[in-house]
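# Observations on chain architecture
Here is how the chains run, residue by residue.
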Amino acid sequence: AVVSTQSTGADDKRNQWVPGKDMLNDFKNRIKYYPSDYTKDVRDCISIQKIISTTLFLYFSLLLPGISMGVLDAKYTGGRIDSKSVIIAQALSGILWGLFGGQPLVVIMTTIPIVIYIKI
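Please read all numbers here as calculations on a predicted model, not as lab measurements.

### Considerations on the confidence of the model for the protein
- With 77% of its residues at a pLDDT of 70 or more, the protein shows a mean pLDDT of 78.
- Between the elements of the protein, mean pLDDT differs from a low of 64, seen in helix α1 (residues 9-15), to a high of 87, seen in helix α2 (residues 21-30).

### Thoughts on the side chain of S83
- Turning to its location among the elements, S83 is positioned in helix α5 (residues 83-101).
- Residue classification places S83 among the buried residues on the basis of a relative accessible area of 17%.
- Aside from chain neighbours lying at most four places away, what touches S83 is I67, G70 and V71.

### Here's the deal with the packing of helix α4 (residues 45-77) against α5
- In contact at an axis separation of 7 Å, α4 and α5 are set at 135° when each is read in the N-to-C sense. Taken together, α4 and α5 sit at an angle that is classed as oblique. Where α4 crosses over α5, the two elements pack in a sense that is right-handed. Here α4 contributes L62, L63, G66, I67, G70, V71 and D73 to the contact with α5, which in turn contributes S83, V86, I87 and Q90.

### Let's talk about the environment of S85
- Residue position: S85 is located in helix α5.
- Its relative accessible area of 29% is what places S85 among the partly exposed residues.

### Structural notes on α4
- With 33 residues, α4 extends 46 Å between its outermost C-alpha atoms, agreeing within 8% with the 48 Å of an ideal straight helix rising 1.5 Å per residue.
- G78 occupies a position one or two residues after α4 and carries a positive phi of about 70°.

### Focus on the packing of aromatic side chains
- Summed over the entire model, instances satisfying the criterion amount to 2 aromatic pairs.
- Judged by centre distance (5.7 Å) and plane angle (55°), the rings of F27 and Y34 are tilted.
- Residue F27 is classed as partly exposed on the basis of its relative accessible area, which comes to 40%.
- Considering the side-chain rings of Y59 and F60, the 4.9 Å spacing of their centres and the 80° angle between planes classify their relative orientation as edge-to-face.
- By relative accessible area, which is 51% here, F60 ends up exposed.

Reading guide: rules and limits
Residues numbered from 1 in each chain as written. Predicted model: local features only at pLDDT ≥ 70, side-chain atom pairs only at ≥ 80, totals over all residues. Heavy atoms only, no water. pLDDT = per-residue confidence, 0-100. Helix = DSSP H or I, 4+ residues; strand = E, 2+ residues; numbered from the N terminus. Buried < 20%, exposed > 50% of the residue type's maximum accessible area, 1.4 Å probe, protein only. Contact = heavy atoms within 4.5 Å. Axes fitted to C-alpha atoms, helices over the stretch in contact; angles between N-to-C directions. Parallel < 35°, antiparallel > 145°, perpendicular 65-115°, else oblique. Left-handed = near helix turned anticlockwise from the far one by under 90°. Expected span 1.5 Å × (residues − 1). Phe/Tyr/Trp six-rings, centres within 6.5 Å; stacked < 30°, edge-to-face > 60°.

Right, here's the structure in full:
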């Protein structure tokens, strides 16, 4: 049997590397499930109560570290990065992660290694 090593034009296009192609394909396959990712657990009062209590707990437990890290950042950057910008950055990154990552209650916060990096 003779095996041909020549490829056709269709094979070349299918095997060609395109930046973001797999992410786009995953998004197209997953888009129909996005609404249910956010609505499947909101069915009764107990679920809504758990979501609200968890959200409030995380808000207040992450607010103080954000303020303290912001004070340290302001000290080390001459006021260019302060508590307000740290809290806004944490909020925006959490919202974006929740929307695009499908994990709305992931904890995103500033940590000491980031503050040390800023100091250096």
